[in-house]
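Chain and residue survey
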Amino acid sequence: MQAPRPAAAPLDSVQIAARHPIVRKHPTPAFFEGILLGNGDIGVCVTLRPDALGLHIGKNDSWDIRVSEDHVQHVKPFRELLDLWKRAGEEAKRRGQPEMTYLESNIDFFREYSVRTQTSYRKPWPRPWPCGIVWLHWDSRMVRVLDQTLDISTGVLRITLEHDDLRGHVRNFLLTCFVSREGNHISVASDSPAPILSLAYIPNRDPQAKLPDPELTAEPGRFTAYQHFPATAPTDAEPDPPRTPQDSAFALEARLAGQWSAQLTARRSVLLTAASPQPLRLDLALFTRRDDKDPAVRARAEAARLAAQPLDPARKASAAHWHAFWKKSAVAFTDRELEAIWYRNQYFLACCLKPGVVAPGLFGNWTSGNIGTAWHGDYHMNYNTQQVWWGVFSSNHAEQHEPYTRLVENLMPMAEWNAREQFGLPGAYFPHTAYPVPSNVNPYPAPPWGYEICETPWTVQSLWWEYLYTLDETYLRRVYPMLRAATDFLIAFLTREDDGKYHIVPTVSPENWGATVDFRLNKDCIIDLALTEFLLDAILQASQLLGRDTDLRPRWQEVRTNLAPYPEIDGPYGKVWLDILNAPPEYVYNVPVTLAPVFPAEQVGLGKHPELLELARRTAKTVRLEGGNDLVWQPLARARLGILDLDWFKREVAYCLTRLGNSNDRVRQIGGRYRDETNFDFMMHMGVWTENLSLPAVLNECLLQSYDGVIRLFPNTHRLGPASFRDLRAAGAFLVSASWNGHAVTAVTIRSEKGARARIANPWPERRTTVRSEAKAVPAVERQGILEFDTAHGGVYSLLIS
C-alpha cells in the first residue's frame, strides 16, 4: 500500500503571497494607477505624483445616508401594474408593433409610470462619501520616485525615493504606509529625516449633494475633520432638515510627529507646514458613528494613543493579522500568472471585506470624488452583490460572509414590505437595489428591473451555502426564517397552468427585453426557474434538519417536482438553453444567464444531471456575451462543466486589468446593448468593481468541486499545469489538500471539522484506493467511482493507492 508522492511540506501561503508584490517604478499620479490598501473596512488608494504622495481615504460605512421616499406614493399594487403593462401591450399592437420590447420605455404612459417610481433613485443621494485626501508634498526638483512595492502578505507599502539637496548630497529614503488590519489606523512613516515640505488635507465636497460643510480644525502637528451625514433628505419645503438620532458622521484625526505649523486655508482645506526636514510619522484615526456614538472623541483619543506609542509594534501586529488571514488556505501553481490572480484578488477582497463591518457595495471602500459612486455605489441584487462572496467558502474564509448575512437580515423588513404592499403576497420579495442606510422603503420598485423574480432566491442563496460548507446548525437556525420567507413568496407567485407545470410569469430576464407584449418574453426565465429549484431543495433539506414546517414540505416538493422546464432552442450549433421562453437564438447577453442551471443554481454539472451535460457545454461554448458583467461568472460555469481553458481565462482577466492590479468591467462586443459608438472602457474608471475580486473562485473550482456533496479533485485541468492546494473548504465542512503533477493527482488529505460522511470521486479510478487515518485503515466503500467513508470530528484522512 502506498501513497502517491506527497508534497515536500505544507504550502506556506504567506511566503507564496509575498512572491506576488505589486510594484511600480515611476510616479503614479492618477487614482486608477495607484496602490490599494485596506483593512476590510477602511480603504486607501495611494497615489504618487512627482511632487507628492496622496492618500485617498474611504470607509465602507462612510455614506451620505439620505433616502428620498417621495416615489412611494406612486407605486402601484402589482395587479394595477399588470393592467398598465397590458394596456401598453395593446397600444403596441394598435401601432402594428406586437414584437415591441421595452414597453416601459416605448409607450408614453408606461414610461411616465416608470419614471415616477425612479424619482428617488435619480437623486444624488445616498452614496458612498469619500473621507478626503491627504497630500504629503516635497520639492520635485530634489525628490525622485524610485520604487513602490506593496507586500500583499503584510499589507505594507514601501516607497523608495531619492533626495538630491542640489548641493552635492544624494541619498535614498524610505516611506512606509499601511492600514492597521484590526484597527482604525492609517500610518505613513519615514526611515530617516525626510524632505517633506507640507501636508494638505482636502475634504470631499459636492455642491449637488447639499450636505453640511465638513468641520475642520488645524493646530501645530495635528488636524481634524468631521463630516455630518443627515438621515433626512432635503425637500423644497424643508431644505435643511433638523438633526435626528438616525444621523451618521465620520471623524478623522491626524497627528504628525515633529515641528509643524498649521492653518486653515482660504480654499477650505488644512495645511500643515514642516519647520525643517525631519523624520516623518503620520498617524490617522478614522471612525464613524457606527463605530462609536461620538466618533470625534473616539478618533481624538485613538490618534493620541497611537502617536504616543512606538510604530514598529503596530506594524508587526497588523502584519501578524495578515499572516493569520493567509494561513487559512493556500494554492500553488507552476503557472505564476494564475497564482498571482488568486493571491492578489484575495488580498484586494480582504482589503474591503471582513466580519463585523458594513458589506461593501459596488465599488467597496475605495472612493475619491465621484469615483465609486456610479449607481449610488449600492447593492445590486441581480449578481453584482452576490458575486463578491462566490469564493469565500471554497477559499476557507467563511468568516468573510458575515457582513452579507447581516445585509440580508437588514433587508428583510423591506423585502416583506415589497411582498405585502407591492404584490399582496406572503413572505419576502428582495429588492433590485439596496443601500446601507436607515430606510425600509424599496428604492427602485420600477419596471422592468424591479421585477426580476430571480433576485429573491438569489439573495438568500449563500445563506444556505454557509450552512453546507460549515454545517453550523446554529447559523442555519438564524437564517432559516429568511429562506422560508423567500420560499413563501415564490410558492405564492408561481402559477400552475394546464400543462400541470408551475410557471413564472410575468418576470424579466436580467437586463434583457424589458416588458413585452402579452408577456411574450416575460415567462419562465431560466435563472428564475433554476434558482427556484435551488431554493426549494435548500428549504426542504433545512426544514428536515431543523424539524420545522413538516406540514409545508409536501407542497414545496410538489412544486419542485413540477416546475416548468428550462427554455431551449435549436440554434446554429445545436440545441442550447435560452434566457427566457420565446427568445431568439444567438442573442448577445450582458451576463451568462443561459448558464444559470450550471451556476449559480448548481442544478447541472459534473455528476449532476449528466443527461444535460452536453446541452450545458454546448450552451457554454456558444453563448454570446457583450462583456463587462461576465468576467467571473462565465469561466466559473465553464469550470463547473470541466471545459475551462485557463489560457483563455488569463486572456480575459488581462483584458479587464487596470493599473491598480484589479480587473474591472470592460465591454467585449457590440450587438446587444452596445454599438460601435460605445466607449468600451466606460465602466473601467467608475471605481474598483468588487464583484471581480471573486476571481479566486474560478481557480478554486478548477482545483476542487463539492457543491453536490461529492468532492472532486482537479475537475478542470485544461492548461492548468502542476498545482497544489491546502485547506480549501468543501461542502460537508471538510478542509481538503491535494496536489496535481500535470497528469495525475499525487496527494490527498481531508480534515473533517464536523464528522460528516465523506464522499469523494476516486482520483485514481483505475486503481484500488484506500483511506487511512493516524496510520489506521478506515472502512470505505466505492460505488460508481465515488468513495464513501465515515469521519470523526477533527479527524484527518489520507487517500492511498493499494
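This text follows the structure it describes.
For the structure given in this document, a descriptive report is provided here. (Residues numbered from 1 in each chain as written. Predicted model: local features only at pLDDT ≥ 70, side-chain atom pairs only at ≥ 80, totals over all residues. Heavy atoms only, no water.)

On to the sheet that holds strand S4 (residues 52-59), then. Read from one edge of the open sheet, seven strands run S2-S3-S4-S7-S12-S17-S16, paired in antiparallel fashion. The two strands at the open ends of the sheet, each matched to only one other strand, are strand S2 (35-38) and strand S16 (260-264). Direction aside, the axes of adjacent strands within the sheet are offset by 20° on average. Here strand S3 (residues 42-49) pairs with S4 via eight bridges, running antiparallel. Within S4, the position partnered with Leu48 by the bridge is Leu53. Against the sheet, helix H7 (residues 336-352) engages S2 and S3, with an angle of about 50° to S2. (Pairing = 2+ DSSP bridges. Helix = DSSP H or I, 4+ residues; strand = E, 2+ residues; numbered from the N terminus. Axes fitted to C-alpha atoms, helices over the stretch in contact; angles between N-to-C directions. Contact = heavy atoms within 4.5 Å.)

In this section: the sheet that holds strand S30 (residues 723-730). As summarised here, the arrangement of the seven strands in space is S19-S30-S31-S32-S38-S34-S35, forming an open sheet in which the pairing is antiparallel. The strands lining the two open edges of the sheet, one partner per strand, are strand S19 (330-333) and strand S35 (776-778). On average, each strand axis in the sheet is tilted by 25° relative to the strand beside it, whichever way the strands run. The sheet contact formed by S30 and strand S31 (residues 734-740) spans six bridges and is antiparallel. Residue pairing in the sheet places Leu728 in a bridge with Val736 of S31. Strands S19 and S30 of the sheet are contacted by H7, whose axis makes an angle of about 160° with S19.

Now for the pairing of S2. Going residue by residue along S2, you find Ile35 and Leu37 tucked away on one face and Leu36 and Gly38 tucked away on the opposite face as well. With four bridges connecting them, S2 and S3 associate as antiparallel partners. Paired with Leu36 across the two strands is Cys45, which belongs to S3. Counted along the chain from S2 to the antiparallel partner S3, the turn is three residues long, and its residue Gly40 has a positive phi close to 95°. (Buried < 20%, exposed > 50% of the residue type's maximum accessible area, 1.4 Å probe, protein only.)

Quick look at helix H15 (residues 633-640) now. Where burial is concerned, most of H15 is hidden: eight out of the eight residues are buried. Backbone geometry just downstream of H15 places Gly642 in the positive-phi region, at approximately 75°.

By themselves, these figures tell us nothing about what the structure is for.
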